[in-house]
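Now for the letters of each chain:
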Amino acid sequence: MIEKVKTNNIDNTITDTPFKKLSIQVGLNGLSFCIIDTIGNKIVDSDQLVFKTESTPYLLLKELKNLFAQKNVARHQISNVTVVHQNNLFSIVPKVFFNADELPNYLKFNTKILPSDHIVFDEIKNHDMVNVYVPYTNVNNYIFEQYGEFEFKHSGTVLIQTLLEQQNTGSEPICYVHVTERTLEIIVVRQKSLLLYNFFDYQTKEDFLYYVLFVFEQLGLDVEKHHLKLFGRIEENDSVYTLCYGYIKNISVFTLANSSYFFDHLQEDSIDLTLLSSL
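First, a word on what this report is: a plain description of the structure on this page. (Residues numbered from 1 in each chain as written. Predicted model: local features only at pLDDT ≥ 70, side-chain atom pairs only at ≥ 80, totals over all residues. Heavy atoms only, no water.)

Some details on the layout of surface pockets
Phase 1: Considering only enclosed or pocket space, the second largest pocket measures out at about 310 Å³ in volume.
Phase 2: Lys125, Lys153, Thr157, Val158 and Gln161 are, among the 13 residues lining the second largest pocket, the residues nearest its centre. (1 Å grid on protein atoms, 1.4 Å probe; cavity = no way out; pocket = protein on both sides within 12 Å on 5 of 7 lines; lining within 4 Å. Points joined across faces, edges and corners; volume = space filled by probe spheres on them.)

This is the structure we're talking about:
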């Protein structure tokens, strides 16, 4: 069921500090975590798992517990925890139309929700938007048992907030795509405004291209003119990039954030930068 993507061997003799932050990203296609030493300003541990088939919330929690045990995460003195939930159980709502008493109504037309689902929301600061979504409650309960109070967010909240804060002085829309092995999150922005955020599962590179071209068509973007910037698990020489390059002229691999953290014992490309942006 599990494909190991990255393993980082950390020196267990490293001096511990109570000033560490733990960031965890969980989804039905995989999970990842990183630990930051805020005093040394460095990332001291991380790992990532990709599930060969889509999992369930129950098995997701089981794999998270196994990974934490294998990596001996408990040996770190953690002072701050953030959990990022990655799924398609969300709806972006303009703040002017938002009512906290109507959460199910924002999801029921485009998401299958159950009576037992716990629905929450993130405010996207400084942009008058609210992200209504369903987190993995069993994961949240486990993290609370281990660490007490913590912060959790939807991956869309993290990506939208981060990309809207990027320096973009041009007037033309830019299409960003966060890529994992089987999902893509598409964010289209114009200067400091969000035009679209959506989440898709894909099986083949042709599926990937279809969703990107569909977004271009729906927003009236020109494949000869507008930029497509990819980030995450994507490189310029892989098959997904090569296929997209045949259809979209202005395409590039984009670095989501220039981290100020020193990667102790780690390769920078082994870290999901969405995790860093969540902290």
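Re the sheet that holds strand β7 (residues 120-124)
Phase 1: The sheet built from three strands is open, its strands ordered β6-β8-β7 with antiparallel pairing. Each edge of the sheet is formed by a strand with only one pairing partner; in this case those strands are β6 (90-94) and β7. Strand-to-strand twist in this sheet, taken as the mean axis angle between neighbours without regard to direction, amounts to 25 degrees.
Phase 2: In terms of strand pairing, β6 meets strand β8 (residues 129-133) through five bridges, oriented antiparallel. Bridged to phenylalanine 90 within β8 is tyrosine 133. (Pairing = 2+ DSSP bridges. Helix = DSSP H or I, 4+ residues; strand = E, 2+ residues; numbered from the N terminus. Axes fitted to C-alpha atoms, helices over the stretch in contact; angles between N-to-C directions.)

Examining the pattern of salt bridges
Phase 1: One pass over the structure, following the stated rule, counts seven salt bridges.
Phase 2: Residue aspartate 47 pairs with lysine 71 through a salt bridge whose shortest N-O separation is 3.9 Å. With aspartate 47 in strand β4 (residues 42-51) and lysine 71 in the loop between α1 (57-70) and β5 (78-85), the pair connects residues that are 24 residues apart, well separated along the chain. The exposure classification of aspartate 47 matches that of lysine 71, with both residues buried.
Phase 3: Notably, a salt bridge pairs glutamate 181 with arginine 233, separated by 2.5 Å at the nearest N-O pair. Here glutamate 181 is found in the loop between β10 (174-179) and β11 (183-190), whereas its partner arginine 233 is found in the loop between β13 (227-232) and α6 (239-245), with 52 residues between them in sequence.
Phase 4: In this structure glutamate 181 comes out as partly exposed when scored by relative accessible area, which is 33%.
Phase 5: Since its relative accessible area comes to 32%, arginine 233 is described here as partly exposed.
Phase 6: Bridged by salt links that share partners, the residues Asp45, Asp47 and Lys71 form one connected network. (Salt bridge = Lys/Arg side-chain N within 4 Å of Asp/Glu carboxyl O. Buried < 20%, exposed > 50% of the residue type's maximum accessible area, 1.4 Å probe, protein only.)

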